[in-house]
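Below are the chains, spelled out letter by letter.
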Amino acid sequence: MENYLDLLNEPQRKAVEATEGPVMVIAGAGSGKTRVLTYRIAHLLNKGVDSFNILSLTFTNKAAKEMKERIANVVGHSEAKNLWMGTFHSVFARMLRVEAPLLGYPSDFTIYDQQDAVSVMSKIITEMNLDKDIYKPKQVLGRISQYKNNLITVRAYHNNQALIEADAEAMKPRMGDIYRAYVDRCFKSGAMDFDDLLLRTNEILTRFPEVLSKYQERFKYIMVDEYQDTNHSQYLIVKALASRYENICVVGDDAQSIYAFRGANIRNILSFKQDYPDAQLYPLEQNYRSSQNIVQAANTIIAHNQDQLEKNVWTSNEEGEKIAVYRALSDADEARYIASQIWERQISDHLQPKDFAILYRTNAQSRALEEALRKRGIKYRVFGGTSFYQRKEIKDMVGYMRLLINQNDEEALLRTINYPARGIGQTTISKLLVAADQHQSTLFNIVENISMYAPTIGINAGTSNKLNDFALLIKRFQVMLKTHDVYEVTMEMAKATGLLRTLKEDSTPEGISRLENVQELLNSIQGYVDEQKQLEDGDASLSGFLENIALATDADNTDEDDNQVNLMTVHLAKGLEFPVVFIAGLEENLFPSMMAVNTRAELEEERRLFYVALTRAEKVAYFTYSVSRFRWGKIIDCEPSRFLEEVDSNYLDWKNLHIPTQRNSNNSGLSADLFGDDNYSAPARYSSESREKSAARQNPNIRRATPTPPKANFKPVGETKSTSANTANHLGLQIGQVVLHDRFGRGEVKDLQGDPSDMKAIIHFDTAGEKKLLLNFAKLKIIS
DNA sequence: GTGTATCGAATTTTT
DNA sequence: TTCGATACAC
């Protein structure tokens, strides 16, 4: 066995060896925290701790899986197999399968995802005759999520005058009733939402001391990764479980806390010392991931935040390239630039598609990027957005599967009862809902015994038969599930319900893709069943599969052999690293988000997000922004992000300030109206910008917390004019001229093609040979 | 009860 | 621009 302790630096090794008592590892970006966690667990196992006694909470299930494999490589598979590892949600869902009946839930409870929750909430709001514009389902759910994550149950809410008043003041006096109705409805459906998984765990641990004791004894050693992003509910679970042995090790970095919006409480990490006064503290400050330029630029960013633990992240890696900053004319232009850079770097730096990541603030930004990559024929993969399991056809199929496990799952029933169409329409469903309410029964129960209820609720014989058929269909497969394997049952069901047939009838491209998706789902079931059968402690049950997909995140689904450019939001990129990273859309109101510039706390979280984004990069980073962007079906003007100004300009390389200069030199006009001239040169804009500047001059403290050196500014006009003298633009370049390119070196212009706004040049380079370059992107210097 | 047309709203991030 | 909900015709 390798001696893993030799692979660690001093603080890492100490953190690994400090197995007893509370430990906090403050791990700067790229400082090897996964390594520490992995070897710490391996070390525990080596010391003779039973894997059964170790609980390790990670941020994604994928991280858990990878870590488990790495541990198995050090200590062997049989040692590693009993480790409880996973996200809070999946670990405690697993625990609740055993313990939830204590609270009156079935052990096969359904997990409602966001979509299910919204759907339940919309119905409740409609039924209560409330205004959908005041009680927006998503917003209301967000509020309820806050309650739950702070352990405010329905009863606690109604005893909390301050909360009730706060909601009344927020124009939502009915929140309490809605909360109650929502919780009731979920409970009747035998369902938990994401927050319930944590809330109910807390409830069990507090109400049933013997259960708490059982898990305290079991989890003698607890490790929590990304501790800065735990919410109050998670914090309490950890605290309760660890309170007997106090062998708790938390790892995190306050500078990377980016989930406050979903209840993460940065105080959890900032006050660990108060919770455990004798805690040992191990800061990891050496960054092994990124170049000096990237590490130092990131440090200058985070220095603008007030709330943070002191630390000094440094690296002994090479200096690396400066961060390229590109100013685009439109989101499409930005995307084209990024695609072209990827294209060029694949060749010049011998990189593969998977070495690149394009990070952005919002999922909607992926569209333009995808298009540009497609045009270039670059393979890419988009993470997040509407994931596979949220597609309608998948949710339909899964709906049937959920009904087999938990027939009271109302969302699943409503989704499937008339899809494919069986002649059970809205009127019938309303009648059923009324009946269920009257008889204090579940919807399925009414459907199942429809012959009994039909006369009283005015359902005719024909409809009654259809309902009966549906109930029998479900029952039939419930029985089949007892004797057949999960794949066989679902396959049969896909056929018998008519779902496959309906999809096959649709020959549009979308229809075909829907059918493929369902087939893909069936394949993955088969894969799951096979995989679990191999495992000693495998769970090849349908409920196991459903739990897996309910808690699967997009980040979990990477195929290792996928060699594709990665597109994702910054949030999803947490914990990942790539040789080359593009951070796109660095504009005010986008990054930082329009919704997050009102308070210092919000803005600091956006800044941490920017910090996380940059620290994903190993070798090369790019910042791009655009002066206009397609949003809400319109082209809107954008201003560069304030974050760009916060980075020390010593680490930046401003790529193309020549474009605005040329556009304003007014010698052509041909390209000027490409995006509408007034998009960025309208007088109003200049005057507002200069007002701002003069205000800043009068009071330098207005705009910057710390002074930054003066530098070439974003201002498109005047100031930058002089740079056009030796910078090539498509108007100045002529065939026969000799130019200098950043990477390709000296070359001669052979030909110019395309219209002036999008001109390409064929250039023969002395060393690199003939290249076709887009003049909007290529930075050329004319030397003769 | 089903299918189509038209209008309106929407974008912050996710387990 | 795209998605979803609602209204209306069959």
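Bear in mind the structure is a predicted one, so any value in this text is a computation, not a measurement.

1. Describing the overall build of chain A
The helix and strand tally for chain A stands at 34 helices and 22 strands. Going through the 784 residues of chain A one by one, you find that 54% of them count as buried. Put simply, of all contacts in chain A between residues at least 6 apart along the chain, 74% involve residues at least 24 apart.

2. A short note on empty space enclosed by the protein
Here the structure, examined in full by the defined rule, presents six cavities of 30 Å³ or more. Looking at the second largest cavity, its volume works out to about 40 Å³. The wall of the second largest cavity is formed by Ala29, Asn287, Ser290, Ile294, Val295, Ala298, Asn299, Val313, Tyr611 and Thr615. If you tally residues by element for the lining of the second largest cavity, the top one is helix H16 (residues 292–302), at four residues. Residue classes in the lining of the second largest cavity are distributed as six nonpolar, four polar and no charged.

3. A look at the environment of valine 749
Within the secondary structure layout, valine 749 lies in strand E19 (residues 745–753). Of the residues examined, valine 749 reaches a relative accessible area of 1% and is grouped as buried.

4. Let's talk about the nonpolar core
Judged by nonpolar contacts, the single largest core of 51 residues is most densely connected at Ile417, Leu432 and Ile525. Discounting chain neighbours no more than four positions away, the residues touching leucine 432 are Ile417, Leu443, Ile446, Val447, Ile450, Ile457, Ile459 and Leu467.

5. Digging into the side chain of glutamate 99
Inspection of the secondary structure assignment puts glutamate 99 in helix H5 (residues 88–99). Here lysine 214 takes part through its side chain, which lies 2.7 Å from a polar atom of the side chain of glutamate 99. A polar contact is formed between the side chain of glutamate 99 and the side chain of tyrosine 215, at a distance of 2.7 Å. Aside from chain neighbours lying at most four places away, what touches glutamate 99 is Ile204, Val211, Lys214 and Tyr215.

6. Quick word on the sheet that holds strand E3 (residues 84–86)
With parallel pairing, six strands are arranged side by side in an open sheet as E3-E2-E6-E7-E1-E8. The open sheet terminates on both sides in strands that have one partner only, identified here as E3 and strand E8 (280–284). Across the sheet, the axes of successive neighbouring strands diverge by a mean angle of 10 degrees, strand direction being ignored. Across the sheet, helix H1 (residues 10–17) is in contact with strand E1 (23–27) and E8; its angle to E8 comes to roughly 145 degrees. Contacting strand E2 (54–57), E3 and strand E6 (221–224), H5 crosses the sheet at an angle of about 135 degrees to E3.

7. A closer look at the side chain of glutamine 532
Tracing the chain through its elements places glutamine 532 in helix H27 (residues 509–534). The class for glutamine 532 is buried, based on a relative accessible area of 13%. Residues within four places of glutamine 532 in sequence aside, it is in contact with Gly538, Asp539 and Ala540.

8. Focus on the UniProt feature "domain: UvrD-like helicase ATP-binding" (unreviewed entry) in chain A
Taking the numbering used here, the UniProt-annotated feature "domain: UvrD-like helicase ATP-binding" (unreviewed entry) corresponds to residues 8–277. Here residues 8–277 is 56% helix and 10% strand, with 27 Å between the C-alpha atoms at its ends.

What counts and what doesn't
- Residues numbered from 1 in each chain as written.
- Chains lettered and ligands numbered in written order.
- Predicted model: local features only at pLDDT ≥ 70, side-chain atom pairs only at ≥ 80, totals over all residues.
- Heavy atoms only, no water.
- Helix = DSSP H or I, 4+ residues; strand = E, 2+ residues; numbered from the N terminus.
- Buried < 20%, exposed > 50% of the residue type's maximum accessible area, 1.4 Å probe, protein only.
- Contact = heavy atoms within 4.5 Å.
- 1 Å grid on protein atoms, 1.4 Å probe; cavity = no way out; pocket = protein on both sides within 12 Å on 5 of 7 lines; lining within 4 Å.
- Points joined across faces, edges and corners; volume = space filled by probe spheres on them.
- Nonpolar A, V, L, I, M, F, W, Y, C, P; charged D, E, K, R; others polar.
- Core = buried A, V, L, I, M, F, W, Y, C linked by side-chain atoms within 4.5 Å.
- Polar contact = N/O pair within 3.5 Å; in protein donor to acceptor, adjacent residues only side chain to side chain.
- Pairing = 2+ DSSP bridges.
- Axes fitted to C-alpha atoms, helices over the stretch in contact; angles between N-to-C directions.
- UniProt positions renumbered as here; feature names shortened; annotations may be inferred.

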